[in-house]
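# Notes for the structure review
Listed below, chain by chain, are the residues.
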Amino acid sequence: MNIGFDSNTDFQEGAIILINKPYGWTSFNVVSKVKHLLRKSKGYKKIKVGHAGTLDPLASGLMVICVGKATKMVESFLNDDKEYIATFHLGQTTPSFDMETQMNQEYPIDHINKTLVEEVVKLFIGEQDQVPPLFSAKFIDGKRAYKLARKGVEMELKPVRIIFHELEIINYELPELTLRIRCSKGTYIRSLARDLGKALNSGAYLSNLVRIGSGKFKLVDAKEIEEIENFFKVNATN
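Let me begin by describing the structure that accompanies this report. None of these values were measured; they are calculated from a predicted model. (Residues numbered from 1 in each chain as written. Predicted model: local features only at pLDDT ≥ 70, side-chain atom pairs only at ≥ 80, totals over all residues. Heavy atoms only, no water.)

### Comments concerning the nonpolar core
Judged by nonpolar contacts, the single largest core of 45 residues is most densely connected at Phe11, Ile65, Phe88, Ile181 and Ile189. In terms of residues, this core owes the most to one element, helix H1 (residues 27–42), which gives 5 residues. Ignoring anything within four residues of it in the chain, the contact list for Phe11 reads Phe5, Ile17, Leu38, Lys42, Tyr44, Ile47, Val67, Gly68, Phe231 and Phe232. Core analysis: the second largest hydrophobic core is formed by 13 residues, Leu62, Val64, Cys66 and Phe77 among them. (Core = buried A, V, L, I, M, F, W, Y, C linked by side-chain atoms within 4.5 Å. Buried < 20%, exposed > 50% of the residue type's maximum accessible area, 1.4 Å probe, protein only. Helix = DSSP H or I, 4+ residues; strand = E, 2+ residues; numbered from the N terminus. Contact = heavy atoms within 4.5 Å.)

In structure tokens form, the structure reads like this:
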């Protein structure tokens with residue numbers, strides 16, 4: 001099983017491609033791009049391609065792409081802890097808890113200082129129940145929650161048991177707070193934005209998110225989309 005690839009890689013036998021997902025792309029876009037490149041350059045009529053963990057369009061960073069027989073490993077990779085660098089904007093909220101929707105409310109931040117932030121951040125470390133954001137891919141009565149949310153449908157999502165293993169303050173300069181986060185699968189960093197804001201007696205939304213790790217895989221080892229395209233162009237077999 002190849003982690004990475006070269007001109008001799010048999011993708012049908014299995015390969016793991018680490019990609020830095022561009023901002024604005026969906027996870028589906030990345031999978032479709034890889035599948036298209038494999039079919040076009042290698043002549044595969046059918047090739048399995050999957051990913052080990054969705055990233056929101058407004059997030060960037062590491063995606064673990066499994067090709068061929070490596071798709072059998074997707075489930076185990078999905079269970080891996082994830083690591084992020086997340087920036088939160090304090091004092092304002094949005095319905096989606098990120099920048100997909102417009103700001104809907106402002107809150108005071110004059111009372112917030114670094115000592116308070118440090119104390120509040122510590123409270124989130126450990127196992128807890130987290131309510132997913134309404135603007136999420138969760139299913140409600142067979143429909144994606146985000147589709148219902150965009151239509152203004154009122155609904156509730158059930159809490160999910162998650163774990164924050166590490167929360168490290170990287171930068172604090174009001175109204176911005178940046179954390180390095182290591183957490184369990186199924187954790188919504190946008191929900192952490194909502195919960196952090198409340199815990200600080202204010203509000204917050206997620207303004208930037210980069211996944212830097214997924215289990216043993218790291219963003220520093222990932223390829224840019226342009227690098228992947230160039231590789232398949234140079235190593236085309238048909």
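That shown, we press on.
### Some points on the pairing of strand S12 (residues 176–183)
Most of S12 is tucked away: 6 of the 8 residues are buried. Sheet topology note: the strand S11 (residues 160–173)/S12 ladder contains 8 bridges and is antiparallel. Bridge pairing links Phe164 to Cys183 in S12. (Pairing = 2+ DSSP bridges.)

### Observations concerning the pattern of salt bridges
Scanning all chains against the criterion turns up 13 salt bridges. With a closest N to O distance of 3.2 Å, Asp129 and Arg161 form a salt bridge. Taken together, the positions of Asp129 in strand S8 (residues 126–130) and Arg161 in strand S11 put the pair 32 residues apart, joining distant regions of the chain. Judged by its relative accessible area of 51%, Asp129 is exposed. Via salt bridges that share partners, Asp81, Glu83, Glu166, Glu168, Arg180, Arg182 and Lys218 belong to a single interconnected network. (Salt bridge = Lys/Arg side-chain N within 4 Å of Asp/Glu carboxyl O.)

### Let's talk about helix H5 (residues 189–199)
Within H5, 8 of the 11 residues are buried, which leaves it mostly tucked inside the rest of the structure. By the burial criterion, the buried members of H5 are Ile189, Arg190, Ser191, Leu192, Ala193, Arg194, Leu196 and Gly197. In this structure, the buried residues of H5 make contact with strand S5 (82–90), helix H3 (114–123), S8, S11, S12 and strand S13 (204–214). Of the residues trailing H5, Asn201 is marked for its positive phi of about 55 degrees.

### With respect to the packing of aromatic side chains
Any two aromatic rings considered together are summarised by their centre-to-centre distance and by the angle between their planes. Throughout the structure, instances matching the rule amount to 6 aromatic pairs. Ring centres 5.1 Å apart and planes at 80 degrees place the aromatic pair Phe231 and Phe232 in the edge-to-face group. An identical accessibility class is assigned to Phe231 and Phe232; each is buried. Three or more aromatic residues link up through ring pairs in this structure, and these residues are Phe5, Phe11, Phe231 and Phe232. (Phe/Tyr/Trp six-rings, centres within 6.5 Å; stacked < 30°, edge-to-face > 60°.)

Don't take any of this as a statement about function, it's just geometry.
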